[in-house]
Amino acid sequence: MHSLMKMKTLFFFTVLCFFMILACKAQKTKKLLKAEWLIGTWEIKTSKGEIYESWNKNSNMEFNGKSYRFGGRDTLVLETIRLIEESDGIFYIPIVKNQNKGLPIRFNAKTFTEDSLLFENQKHDFPQYISYAKITKDSLVAKISGTINGEIRSQTFKMRRVN
């Protein structure tokens, strides 16, 4: 009878640990989900034509994005982006065509709310900051900023949802 009680206690403890691990994982994934408003396709009108930025939800821990433009019949990808949640934070990881030898750059999330995202990498040449601000469900403003040769620079991109 005593060993049966130990087995029941061990079983109960194992089940309890399992549910605690699940609860921790569920809590962990909630941070990235704050940025679900980014999912979709956004259009930026520039003097050189339209640029699009599309975001997909790969999982609760990773979103994938890309910016591109149309050139005749071709789609020209300008940048691919991973937005990922890891145990030590949330990271914006772009690979920009013809920059940084095609290698990814990691930007750490400094602000991550339901309507504002700010990423930072002080070691990057430019930009050191990348931000997204939700204006409405169908509009947002993205901004890259930092310093070049000691001068503060920034570019702002007003986007509207097209899908």
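Residues numbered from 1 in each chain as written. Predicted model: local features only at pLDDT ≥ 70, side-chain atom pairs only at ≥ 80, totals over all residues. Heavy atoms only, no water.

Observations regarding the overall build of the protein
In terms of helices and strands, the protein carries one helix and 10 strands. For the protein, the sequential pattern of α-helices and β-strands runs α-β-β-β-β-β-β-β-β-β-β. The proportion of buried residues among the 163 residues of the protein is 32%. Of all intrachain contacts in the protein linking residues separated by at least 6 positions in sequence, the fraction that spans at least 24 positions is 29%. Here the protein has roughly 11,000 Å² of accessible surface; of this, 58% comes from carbon and sulfur atoms. (Helix = DSSP H or I, 4+ residues; strand = E, 2+ residues; numbered from the N terminus. Buried < 20%, exposed > 50% of the residue type's maximum accessible area, 1.4 Å probe, protein only. Contact = heavy atoms within 4.5 Å. Areas by Shrake-Rupley, 256 points an atom, 1.4 Å probe, with all protein chains shown as cover.)

Structural notes on the pairing of strand S5 (residues 89-96)
Alignment of strand S4 (residues 74-86) against S5, held across eight bridges, turns out to be antiparallel. Its bridge partner being in S5, Glu79 is matched across the sheet by Val96. Between S4 and S5, which pair antiparallel and follow one another directly, the connecting turn spans two residues. Strand direction decides the pairing type here: S5 and strand S6 (residues 107-112), joined by two bridges, are antiparallel. The partner of Tyr92 across the bridge, within S6, is Phe107. (Pairing = 2+ DSSP bridges.)

Comments concerning the nonpolar core
Judged by nonpolar contacts, the single largest core of 26 residues is most densely connected at Trp55, Leu83, Tyr92, Phe119 and Tyr132. Elements with a contribution of two residues or more to this core: strand S1 (40-46), strand S2 (49-59), S4, S5, S6, strand S7 (116-120), strand S8 (129-136) and strand S9 (139-148). Among residues more than four places away in sequence, those in contact with Leu83 are Leu32, Ala35, Leu38, Trp55, Met61, Glu62, Phe63, Ile90, Phe91, Tyr92 and Phe119. (Core = buried A, V, L, I, M, F, W, Y, C linked by side-chain atoms within 4.5 Å.)

Quick look at the packing of aromatic side chains
For the structure shown, the criterion picks out nine aromatic pairs. When the centroid spacing of 6.3 Å and the interplanar angle of 85° are considered together, the rings of Trp55 and Tyr132 count as edge-to-face. Remark: Tyr132 occurs in strand S8 and Trp55 occurs in strand S2; sequence separation between them is 77 residues. Each of the two residues, Trp55 as well as Tyr132, counts as buried. Ring centres of Tyr92 and Phe107 lie 6.4 Å apart, and the angle between their planes is 80°; on these two criteria the pair is classed as edge-to-face. Of this pair, Tyr92 sits in strand S5 while Phe107 sits in strand S6; the two residues are 15 residues apart in sequence, bridging distant segments of the chain. Each of the two residues, Tyr92 as well as Phe107, counts as buried. An aromatic cluster of at least three residues, connected via ring pairs, comprises Trp55, Tyr92, Phe107, Phe112, Phe119 and Tyr132. In this structure, Lys66 is placed above the aromatic ring of Tyr68, and the distance from its NZ or CZ to the ring centre is 5.2 Å. Above the plane of the ring of Phe91 lies Arg106, whose end atom (NZ or CZ) is 4.1 Å from the centre. (Phe/Tyr/Trp six-rings, centres within 6.5 Å; stacked < 30°, edge-to-face > 60°. Lys NZ or Arg CZ within 6 Å of the ring centre and 35° of its normal.)

Nothing here speaks to function; it is geometry throughout.
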